[in-house]
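Residue-level structural notes
Here is what each chain is made of, one letter per residue.
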Amino acid sequence: MKCVIAFIQPQYVERVLEALDRLPVRGLSLCEVRGFGRGRAQLLRESPAGAVRQFSVKVRLEIVCRDAEAETIARTIQRAAHTGRPGDGKIFIAPIERAISIVTGEEDDAAL
């Protein structure tokens, strides 16, 4: 099993989800996150309490899938979220050791 983790621009979430609807994605999680990439976090001001920084807002998608599906899912996200401008985001693919369904007790691929 693999976990596809994508950081994308918030305005492209619907486009990415529509593209993923055409694939056998059985579930995903998403949340809004803040951070920085190569451009670093912009320093807004220094204060007695410390530096105040402006971070980029992204949406983090996580999809756990079978090994054979990970590349297709990642490429689908990449195509749907691509603008060609800095800040489009990043996609990571990581191994998952185990999965267990809380409701059924099924494990690994069966739990997906």
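Going by the structure above, here's the rest.
Residues numbered from 1 in each chain as written. Predicted model: local features only at pLDDT ≥ 70, side-chain atom pairs only at ≥ 80, totals over all residues. Heavy atoms only, no water.

For the rest of this paragraph, the subject is the packing of aromatic side chains. By the definition in use, this model includes two aromatic pairs. Ring centres of phenylalanine 36 and phenylalanine 55 lie 6.2 Å apart, and the angle between their planes is 25°; on these two criteria the pair is classed as stacked. Here phenylalanine 36 is found in the loop between strand S2 (29-35) and strand S3 (42-47), whereas its partner phenylalanine 55 is found in the loop between strand S4 (50-54) and strand S5 (56-65), with 19 residues between them in sequence. Overall, phenylalanine 36 belongs to the partly exposed group, its relative accessible area being 42%. Residue class for phenylalanine 55 comes out partly exposed when judged on its relative accessible area of 26%. (Phe/Tyr/Trp six-rings, centres within 6.5 Å; stacked < 30°, edge-to-face > 60°. Helix = DSSP H or I, 4+ residues; strand = E, 2+ residues; numbered from the N terminus. Buried < 20%, exposed > 50% of the residue type's maximum accessible area, 1.4 Å probe, protein only.)

Here we come to the sheet that holds S5. Pairing in this open sheet of four strands is antiparallel, and the strands run S2-S5-S1-S6 from one edge to the other. Strand pairing shows two members of the sheet lacking a second neighbour, S2 and strand S6 (89-95), which therefore form its edges. When the angles between neighbouring strand axes are averaged without regard to direction, this sheet yields 20°. Sheet topology places S2 next to S5; seven bridges connect them, and they run antiparallel. (Pairing = 2+ DSSP bridges. Axes fitted to C-alpha atoms, helices over the stretch in contact; angles between N-to-C directions.)

Turning our eyes to something else, we now look at the side chain of glutamate 69. Note that glutamate 69 resides in helix H2 (residues 67-81). Within the structure, the side chain of glutamate 69 is placed 2.9 Å from the side chain of arginine 26, a separation counted as a polar contact. In this structure, glutamate 69 is in contact with Pro24 and Arg26, ignoring residues within four places of it in sequence. (Polar contact = N/O pair within 3.5 Å; in protein donor to acceptor, adjacent residues only side chain to side chain. Contact = heavy atoms within 4.5 Å.)

Bringing the nonpolar core into the picture now. Side chains that are nonpolar tend, in soluble globular proteins, to be buried together. Counting 17 residues, the largest nonpolar core has Val4, Ile8, Val16, Leu20, Ile73 and Ile77 as its most contacted members. Those elements that place two or more of their residues in this core are strand S1 (2-8), helix H1 (13-20), S5 and H2. The biggest single contributor to this core is H2, with six residues. Residues within four places of isoleucine 8 in sequence aside, it is in contact with Val13, Val16, Lys58, Val59, Leu61, Ile77, Ala81 and Asp88. (Core = buried A, V, L, I, M, F, W, Y, C linked by side-chain atoms within 4.5 Å.)

Next up on the list: unusual backbone geometry. Although it is not a glycine, aspartate 108 sits at a positive phi angle of roughly 55°. Residue classification places aspartate 108 among the partly exposed residues on the basis of a relative accessible area of 29%.

Mapped onto the fold, glycine 87 is located in the loop between H2 and S6. Overall, the relative accessible area of 35% leaves glycine 87 in the partly exposed class. C-alpha separation for the pair glycine 87 and arginine 38, spaced 49 residues apart in sequence, amounts to 8.9 Å. Beyond its immediate sequence surroundings of up to four residues, glycine 87 is in contact with Gln9 and Lys58.

So, about the environment of alanine 80. Looking at the element boundaries, alanine 80 is found in helix H2. Overall, alanine 80 belongs to the buried group, its relative accessible area being 8%. Spatially, the C-alpha atom of alanine 80 lies 9.1 Å from that of leucine 20, the residues being 60 residues apart in sequence. Filtering out sequence-adjacent residues up to four positions away, alanine 80 remains in contact with Arg15, Val16 and Ala19.

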